[in-house]
Amino acid sequence: MRNDRKDAPAILFLCLGNICRSPLAEGAARAAFAKAGIAATLDSAGTGDWHVGHPPDHRAQAEARRRGTDISGLAARQLVPEDFTRFDLILAADETNLRDALAIRPPDATAELKLMLDLLPGRKGQGVTDPYYGDDGGFAATWDDVSAVADALVAEASSSG
Ligand code: 4NP
């Protein structure tokens, strides 16, 4: 249980490229925390560096817009060891992201690291399917998953505040 509300939760969403799943998760979480009126530090990153500085994939931007959220201003960045002390919780989209994050976790890490879908009943151990190589429908499924995760985070933050 959190001791009081002065410590806003700091949560980092992690995927491979930081242009599809994790920026959608960040956008969904920003919207959900704002709607609930709960302060939080929210960010996203990728384990890879191919898209550093790029905005989210245009299909991710379109899906977020369709759901009422603008993620066009986000820019991809790569996970760094310091993220393990800056954030309370790092939520990886899939097992590969989790394993790659563990590989750079510093000895003084304080962040908890787990899968995004571990927060959802019946989804523990599952990965958020990467929509990058699929059709546009994949992005709708990604949004459904990450917005459920965002709602679970808000519920947790409001019950432990
Ligand atoms: P993300 O999707 O990890 O959800 O951002 C991907 C984005 C780019 C690539 C792979 C996955 N890529 O190979 O460039």
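Once a new chain begins, its residue numbering starts again from 1 and follows that chain's sequence as written. Local features in a predicted model are, by the rule used here, given only for residues with pLDDT of at least 70; side-chain atom pairs are given and counted only at 80 or more, and totals for whole chains, interfaces and linings are based on all residues. Hydrogens and water molecules were not included; the side-chain quantities draw on all heavy atoms of the structure.

Visitor: I'm lost on the nonpolar core in this one. Help?
Guide: What tends to happen in soluble globular proteins is that the nonpolar side chains get buried as a cluster. Joining through side-chain atoms within 4.5 Å is the link that ties buried Ala, Val, Leu, Ile, Met, Phe, Trp, Tyr and Cys residues into a set, and such a set is a nonpolar core. Exposure categories follow from relative accessible area, calculated using a 1.4 Å probe and restricted to protein chains: below 20% of the type maximum is buried, above 50% is exposed, and the middle band is partly exposed. Counting residues in hydrophobic clusters, the biggest one holds 32 residues, and the most contacted among them are Ile11, Phe13, Leu24, Phe33, Leu91, Met116 and Leu153. Each helix is a run of DSSP H or I of at least 4 residues and each strand a run of E of at least 2, with the numbering of both proceeding from the N terminus. When contributions to this core are tallied by element, the ones reaching two or more residues are strand 1 (10-15), helix 1 (21-36), helix 2 (58-66), strand 3 (89-92) and helix 5 (137-160). Apart from residues no more than four positions distant in its own chain, Ile11 is found in contact with Phe33, Thr41, Leu42, Asp43, Phe87, Leu89, Leu91 and Leu153. With 14 residues, the next largest nonpolar core counts Leu12, Leu14, Ala45 and Leu79 among its residues. Residue contacts are counted whenever heavy atoms from the two residues lie within 4.5 Å of one another.

Visitor: Honestly, the side chain of Asp145 in this entry has me stumped. Any pointers?
Guide: Locating Asp145 in the fold gives a position in helix 5. Asp145 sits in the buried class, given a relative accessible area of 15%. When residues no more than four places from it in sequence are discounted, the contact partners of Asp145 are Leu117, Leu120, Arg123 and Val128.

Visitor: Got a minute to help me understand the site of the ligand in this structure?
Guide: Summary of the distance rule: residues count as near a molecule or strand when at least one heavy atom falls within 4 Å of that molecule or strand. Looking at the ligand, the residues that line it are Cys15, Leu16, Gly17, Asn18, Ile19, Cys20, Arg21, His51, Asp130, Tyr132 and Tyr133. The term polar contact refers here to a pair of N or O atoms within 3.5 Å; inside protein, the definition further demands a hydrogen-donor-capable atom paired with an acceptor-capable atom, and it admits residues adjacent in sequence only when both atoms are side-chain atoms. Between the ligand and Arg21 there is a distance of 2.8 Å, counted from an oxygen atom to a side-chain nitrogen or oxygen. In this structure, an oxygen atom belonging to the ligand sits 3.1 Å away from a side-chain N or O atom of Asp130. In isolation the ligand has 350 Å² of accessible area, and contact with the protein removes 92% of it. For the shell around the ligand, a count of residues per class yields six nonpolar, three polar and two charged. To measure how exposed things are, a 1.4 Å probe is used in the Shrake-Rupley method; for residues, cover is taken only from the protein chains shown. Three classes are used, and their members are as follows: Ala, Val, Leu, Ile, Met, Phe, Trp, Tyr, Cys and Pro are nonpolar, Asp, Glu, Lys and Arg are charged, and the others, Gly among them, are polar.

Visitor: Got a minute to help me understand the pattern of salt bridges in this structure?
Guide: Side chains bearing opposite charge may pair, as long as their charged atoms lie close to each other. Here, a salt bridge means any Lys or Arg side-chain nitrogen found within 4 Å of an Asp or Glu carboxyl oxygen. One pass over the full model with this rule turns up 13 salt bridges. A salt bridge links Arg21 to Asp94; its shortest N-O distance comes to 3.0 Å. Highlighted residues: Arg21 in helix 1 and Asp94 in the loop between strand 3 and helix 4 (95-102), separated in sequence by 73 residues. Several salt bridges converge on common partners, so that one network encompasses Asp43, Arg77, Asp83 and Arg86.

Visitor: Please explain the sheet that holds strand 1 as it appears in this structure.
Guide: Think of a sheet as strands paired side by side through backbone hydrogen bonds, with each pair either parallel or antiparallel. At least two DSSP bridges between two strands are needed for those strands to be called paired. Spatially, 2-1-3-4 is the arrangement adopted by the four strands of the open sheet, whose pairing is parallel. With one partner strand each, in any of the chains shown, strand 2 (41-46) and strand 4 (112-115) form the two edges of the open sheet. Shown here is a sheet whose adjacent strand axes are inclined to one another by a mean of 20°, direction ignored. One ladder, built from four bridges, connects strand 1 with strand 3; its direction is parallel. Across the sheet, the residue bridging to Ile11 is Leu89, located in strand 3. Whenever a helix is involved, its axis is fitted only over the stretch in contact; in every case the axis is a line through C-alpha atoms, and angles between N-to-C directions fall within 0 to 180 degrees.

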